[in-house]
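Geometric and topological summary
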Amino acid sequence: MTKLGFFNGLKAGMPIAIGYFPVAITFGLLAKSTGLSLFEAMAMSIFVYAGASQYISLTLISKGVDPIVIVLNTFVVNFRHFLMSASLNEKMAADKKWRKGIFAFLVTDETFSVLATRKEERLPLAFGCGVNIAAYTSWWLFTAVGHLIGANLPLFLQSAMSIALYAMFIGLLVPSMKGNRKIVILAASAALINCLFYWTNWLTTGWAIIVSALASALIVEIVYRRFDKKKKGAQHSLT
C-alpha cells in the first residue's frame, strides 16, 4: 500500500481549492465594497478562515455592530468545528500536539468531509495537512485576487455582488435540508425568531442573529427529545 504523504494530501485537496475559488473571490469583492482594505480582508481570511462567518461579519461591520457581538456571533456559528476537530483527531495518526493544533485550525466543512470519508482506519497527519493547506491557500489567495479585482470594478457592479452573500447561504443550507426535516424546522424557526427581533427592534442586528440561532436550536432540540421519548414509550407499551 502506498504511504500517504503531504503531496498526496495536496492532490486530494485540489477539488476543494477549486471550489473555494468563486466564493473567495466574491468575499474579496464584498470586503472591498464594505470598506475593508486589502490587508484587513486578507487578515480575516488568514486568521478567521471561516467562510460563512466572514460573510456574516461583513454584514455586521457594514451596520456598525459592536465588535464583541461580531466575535460572539463567529464563535456560535463556528462551534461545530470543535466537534469536527475532535472527530478527526481519532482518525489521524498520533503526532505532536502543536502539529495537531495547527491541523485542527485548518479544518473546514469540506476538508472534514474528504478526510472523514477516507477508507483508511488511520491517516498520516501530513496527508491531512496537505488537504487542509490546499484549501486554506486557495481561500486567502483568491480573497486577495477578489479584492484587487474589486478595486477596478465600477461601484454599481461592486454593490451588485452583494447578492453572492445570499447565494452562499442558500448553497450551504439547501444541501443540508435535503432529507432532514429537523434542519428545515431549525432554519425556519431561526428565521421567524430573527424576523420578530427585526420588526420589533428588541435587539440589534448582531445580537438578534446570535439569540435567534441559540433559541431555535434549543427549542427544536427540546421538542425533538420529547417527541423521541413519546415514540419510545409508545413502542415499549406495544411490546
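1. Quick word on the side chain of Asn78
Within the secondary structure layout, Asn78 lies in the loop between α4 (67-77) and α5 (80-91). Judged by relative accessible area, which is 15%, Asn78 ranks as buried. For Asn78, the side chain forms a polar contact with the side chain of Ser53, separated by 3.0 Å. Ignoring sequence-local partners within four residues, the contact set of Asn78 consists of Ala50 and Ser53.

2. A closer look at the nonpolar core
Tyr49, Phe103 and Leu115 are the most contacted members of the largest nonpolar core, which totals 28 residues. Elements with a contribution of two residues or more to this core: α1 (6-34), α2 (38-48), α3 (51-62), α5 and α8 (125-150). Ranked by the residues each element gives to this core, the list is headed by α8, at 7 residues. When near neighbours in sequence (up to four residues on either side) are disregarded, Phe103 contacts Leu88, Met92, Leu115, Leu125, Gly128, Cys129 and Asn132. Ranked by size, the runner-up nonpolar core spans 6 residues in total, among them Ile56, Val65, Val69 and Ile70.

3. Description of the packing of α2 against α3
Where α2 meets α3, the closest approach of the two axes is 11 Å, and the angle between their N-to-C directions is 140°. By the angle between their directions, the pair α2 and α3 is classed as oblique. As α2 packs across α3, the resulting crossing turns out to be right-handed. Facing α2, whose interface residues are Met44, Ser45 and Val48, α3 presents Gln54, Ser57 and Ile61. Of the residues assigned to the contact of α2 with α3, the class counts are 3 nonpolar, 3 polar and no charged.

4. Digging into the pattern of salt bridges
Inspection of every chain in the model, using the stated rule, returns 4 salt bridges. Its salt-bridge partner being Arg99, residue Asp95 comes within 3.3 Å of it at the nearest N-O pair. Residue class for Arg99 comes out partly exposed when judged on its relative accessible area of 37%. Where salt bridges share partners, they join Lys182, Glu221 and Arg225 into one cluster.

5. Let's talk about the packing of aromatic side chains
As enumerated under the stated definition, the model contains 9 aromatic pairs in all. With a centroid separation of 5.6 Å and 80° between ring planes, the pair formed by Phe6 and Phe7 is classed as edge-to-face. Of the residues examined, Phe7 reaches a relative accessible area of 67% and is grouped as exposed. Relative to Phe82, the ring of Phe75 lies with its centre 6.1 Å away and its plane at 65°, an arrangement referred to as edge-to-face. An aromatic cluster is present here, built from Tyr20, Phe27, Tyr55 and Trp139 joined pairwise through their rings.

Rules behind the numbers
- Residues numbered from 1 in each chain as written.
- Predicted model: local features only at pLDDT ≥ 70, side-chain atom pairs only at ≥ 80, totals over all residues.
- Heavy atoms only, no water.
- Helix = DSSP H or I, 4+ residues; strand = E, 2+ residues; numbered from the N terminus.
- Buried < 20%, exposed > 50% of the residue type's maximum accessible area, 1.4 Å probe, protein only.
- Polar contact = N/O pair within 3.5 Å; in protein donor to acceptor, adjacent residues only side chain to side chain.
- Contact = heavy atoms within 4.5 Å.
- Core = buried A, V, L, I, M, F, W, Y, C linked by side-chain atoms within 4.5 Å.
- Axes fitted to C-alpha atoms, helices over the stretch in contact; angles between N-to-C directions.
- Parallel < 35°, antiparallel > 145°, perpendicular 65-115°, else oblique.
- Left-handed = near helix turned anticlockwise from the far one by under 90°.
- Nonpolar A, V, L, I, M, F, W, Y, C, P; charged D, E, K, R; others polar.
- Salt bridge = Lys/Arg side-chain N within 4 Å of Asp/Glu carboxyl O.
- Phe/Tyr/Trp six-rings, centres within 6.5 Å; stacked < 30°, edge-to-face > 60°.

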